[in-house]
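Geometric and topological summary
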Amino acid sequence: MTGVLTAAGALLGLLRDQTLAHLFGADGSTDAFLVAWTVPEFASTLLIEDGMALVLVPAFSMALARRARGAHAGPDPVRALVRTSLPRLGLALAAISVLVIAAAPVLVGLLAPGLPDPGLAVDCTRLTATCLLSFGLSGYCGAALRAHGRFLVPAAIYIAYNTGIITAMFVLGGHWGVRSAAVGVAVGGLLMVVVQAPSLWRRLRDVPPPGRPPQDPSAPSTPHVPGTPHTPSTPHTQDTPHAPGADAGARLAGGALIVSVLLFGVCRQSQVLIERFLGSSLPAGAISHLNYAQKVAQMPMVLSLMLCTVTFPVVARALADGDTDTARRRVERDLTLASTVVLFGVAALVACAPALVALLFQRGAFTADDTAATAGVMRVYALGLLGHTLVGALVRSYFSAGRATWYPLAAMVLGAVVTAVLGALAVGPHGVRGIAAANAVGISLTAVLLLCGTGERNVPVRRCRIARQLARTVLAAGCAAGAGALCAAWAEGPRAAIGGTGGALFAVLAASLTVAAVFALALRLLGGLPGHEDGTPPAERPAASQAPHARTAPARPDGHRAARAVRTLRSVTRTRKGTDAR
């Protein structure tokens, strides 16, 4: 159900972009709105998707782990975390919203100095600035609910958000023009909070009584055997009351983790700033073409990272409990599945980009020239989708333990510098395609650096194995894209004969089905689903399957193992006594 809601939100986002293209096309007014759209794009990355989640999910996971162990003698750790963090966050975000509203003219001048209509962009920026507070509160609620294992309500926020924008454009577009979309951003942000707040309130209201839970009196009491590990009745984790930084609220308020996460999010989103800055010097509509191409191309990435969003609390809880092996297997599985999904999407996008853009956007004020320009940009931008997906999946492994780390920021800074330099060199001769190519190169470099940097300080994934998996999947996607492109070229004849939306739909379906068939066949020929040839990770295979000729003893409870250890120790002691007597 979580996947259905996430997919519905993504489809509504696509419908939002279709509505924007249908009502306002791709010209100077949409460019002005998209410059203002930078504010909610930044806010969603920092306050909903990456920043807030990477900080708060581990913090709430640690608080929940302390509550489950009964390791708190005073107030409930989860409520204490909320009291410590939520008021300060709300005040800070409200102040930032007011500051952005006041400084909107300066901000627009910095983001897009060559914009034809900066006044319209200033108006839209002031309207969208209210989302800084609403997105922050929504991200806070979503992170807390995911840490509690509640995923349905957070998955529905983009349904509410995009519904607000679409409704505002249809209701107010005739009088306010593209400003109606900015009003929709403000309304949609409030709806995101309204959707989640009741569920979080129920989670905070239903709190077990404080104090350590009593031990089960029927549990067997086994003596401790010298030389064997002592297993306490309460599982030990890195977050004990006497461990450094055990208080999740103090960790959150400390600032190092928050700063490292927020700077990473800002630097990652700076690629959008670079694109808008370079695109403002191009003819009117260039920023709009880049935006439409990105929104369609990012659909596979959104679906692929949905899995990582759901499993991130699992990884954080496993690290909070000291179970790095479970965290490693989960991260490796996420990387495998996410890369497979996104590379299939890349192959489909490259194969049928013109027909897909025509099917989605070519109506109303969106012309055939806009379709051709957007399709060309989308094919180039799709080449960087694997890098974007790997960055989104890998960065969670760095921050899952709730510790500040600066390596992801360094990798992202280097990728952003490469994007800016290559974009500045390519925008003159290649226009928006040069900007998209620079984005793909920069984010791919960051993905490689993040994969190489995994180790004991985060989640120690097996890098060589992941690289082999990615190589197989990339090769399969290349074969599928080539076959799909041939099918799309063949489908141009029937498409022209059918004409209109029906012809574009026929071409998209024909190319997509070809891509799916060739991709699946190529994966099978190359060794099955990337990551585990028989469909099961080796770490999760039964012992008998790993060593077919080995005889394995049936699993015994801990009490049986302890009793057997006691008997062994007594036998050794009697043998030593007999030897001494002789």
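Just above sits the structure.
Let me begin by describing the structure that accompanies this report.

1. Some thoughts on the overall build of the chain
A tally of regular secondary structure across the chain gives 23 helices and zero strands. A total of 582 residues make up the chain; the buried ones form 52% of that total. Working note: accessible area of the chain is about 25600 Å², and carbon and sulfur atoms make up 67% of it.

2. Some thoughts on empty space enclosed by the protein
Overall, the coordinates contain five cavities of 30 Å³ or more when judged by the stated rule. Roughly 1300 Å³ of volume is contained in the largest cavity. Lining the largest cavity are 50 residues, and of these Ser44, Glu49, Tyr158, Met301 and Val302 lie nearest its centre. Broken down by element, the lining of the largest cavity gets its largest block of residues, 12 residues, from helix H14 (residues 286-320). For the lining of the largest cavity, the residue count by class is 25 nonpolar, 15 polar and 10 charged.

3. With respect to the side chain of Thr125
In this fold, Thr125 is placed in helix H7 (residues 118-128). Of the residues examined, Thr125 reaches a relative accessible area of 2% and is grouped as buried.

4. Remarks on a nonpolar patch on the surface
A surface patch of nonpolar side chains, about 480 Å² in accessible area, is lined by Val413, Val417, Val421, Leu422, Leu425 and Val441. Sort the elements by how many residues they give to the nonpolar patch and helix H18 (residues 407-430) lands first, with five residues. Considering the arrangement of structural elements, one finds Leu422 in helix H18. Residue class for Leu422 comes out partly exposed when judged on its relative accessible area of 33%.

5. Things to note about the nonpolar core
Ranked by internal contacts, the top residues of the largest apolar core, which has 142 residues, are Phe33, Phe60, Phe361, Met378 and Leu385. The element that contributes the greatest number of residues to this core is helix H15 (residues 324-361), accounting for 18 residues. Those residues in contact with Met378 that lie beyond four places of it in its chain are Ala293, Val296, Ala297, Leu349, Ala353, Leu356 and Val357.

6. Some remarks on the packing of aromatic side chains
Note on aromatic pairs: each is described by the distance of the centres and the angle between the planes. Throughout the structure, instances matching the rule amount to nine aromatic pairs. Measuring from ring centre to ring centre gives 5.8 Å for Phe344 and Phe519, while their planes differ by 45°; the resulting arrangement is tilted. Taken together, the residues Phe344 in helix H15 and Phe519 in helix H21 (residues 500-525) connect sequence positions 175 residues apart. Phe344 sits in the partly exposed class, given a relative accessible area of 31%.

7. Remarks on the packing of H18 against helix H19 (residues 432-452)
For the pair H18 and H19, the least separation of the axes is 7 Å and the interaxial angle reads 160°. When the axis of H18 is compared with that of H19, the two are roughly antiparallel. Considering the relative orientation of H18 and H19, their crossing is right-handed. Among the residues forming the contact of H18 with H19, the class breakdown is 17 nonpolar, eight polar and one charged.

8. Comments concerning the pattern of salt bridges
This structure, assessed with the given rule, holds nine salt bridges. Where Asp123 meets Arg179, a salt bridge forms, and the shortest distance between an N and an O atom there is 3.0 Å. Separated by 56 residues along the polypeptide, Asp123 in helix H7 and Arg179 in helix H11 (residues 179-205) bring together distant segments of the chain. What makes Asp123 partly exposed here is its relative accessible area of 30%. Here Glu332 makes a salt bridge to Arg328, at a shortest N to O gap of 3.2 Å. One end of the pair, Glu332, and the other, Arg328, are both in helix H15, four residues apart, so they sit about a helical turn from each other. Residue Glu332 shares its accessibility class with Arg328, and that shared class is buried.

9. Observations concerning the environment of Arg330
Relative to the assigned elements, Arg330 resides in helix H15. Measuring from C-alpha to C-alpha, the distance between Arg330 and Ala318 comes to 9.8 Å, with 12 residues separating the pair along the chain.

10. Re the environment of Pro77
Summarising the element assignment, Pro77 is placed in helix H5 (residues 77-102). Each C-alpha atom, one on Pro77 and one on Arg67, is 6.4 Å from the other, the two residues being 10 residues apart in sequence.

11. With respect to the side chain of Glu332
According to the relative accessible area criterion, Glu332 is buried, its value standing at 7%. In this view, Glu332 contacts Val461, Arg462 and Ile466; residues no more than four positions away in its chain are not counted.

12. Here we look at H15
Every α-helix winds through 3.6 residues per turn, so residues three or four apart in the chain are directed the same way. The terminal C-alpha atoms of H15, which comprises 38 residues, lie only 46 Å apart, well short of the 56 Å expected from a rise of 1.5 Å per residue. The sharpest bend along H15 comes to roughly 85°, located at Cys352, with the proline Pro354 sitting one to four residues further on.

13. Overview of H21
A rise of 1.5 Å per residue sets the reference length of H21, with its 26 residues, at 38 Å; its end C-alpha atoms lie 38 Å apart and thus fit the reference within 8%. Looking only at H21, the buried set comprises Gly503, Ala504, Ala507, Val508, Ala510, Ala511, Val515, Phe519, Ala522 and Leu523. Two residues or fewer past H21, Gly527 is found with a positive phi of approximately 125°.

Calculation notes
- Residues numbered from 1 in each chain as written.
- Predicted model: local features only at pLDDT ≥ 70, side-chain atom pairs only at ≥ 80, totals over all residues.
- Heavy atoms only, no water.
- Helix = DSSP H or I, 4+ residues; strand = E, 2+ residues; numbered from the N terminus.
- Buried < 20%, exposed > 50% of the residue type's maximum accessible area, 1.4 Å probe, protein only.
- Areas by Shrake-Rupley, 256 points an atom, 1.4 Å probe, with all protein chains shown as cover.
- 1 Å grid on protein atoms, 1.4 Å probe; cavity = no way out; pocket = protein on both sides within 12 Å on 5 of 7 lines; lining within 4 Å.
- Points joined across faces, edges and corners; volume = space filled by probe spheres on them.
- Nonpolar A, V, L, I, M, F, W, Y, C, P; charged D, E, K, R; others polar.
- Patch = residues over 30% accessible without salt bridge, like charges linked within 9 Å, V, L, I, M, F, W, Y side chains within 5 Å.
- Salt bridge = Lys/Arg side-chain N within 4 Å of Asp/Glu carboxyl O.
- Core = buried A, V, L, I, M, F, W, Y, C linked by side-chain atoms within 4.5 Å.
- Contact = heavy atoms within 4.5 Å.
- Phe/Tyr/Trp six-rings, centres within 6.5 Å; stacked < 30°, edge-to-face > 60°.
- Axes fitted to C-alpha atoms, helices over the stretch in contact; angles between N-to-C directions.
- Parallel < 35°, antiparallel > 145°, perpendicular 65-115°, else oblique.
- Left-handed = near helix turned anticlockwise from the far one by under 90°.
- Expected span 1.5 Å × (residues − 1).
- Bend = angle between axes of the 7 residues up to and from the residue.

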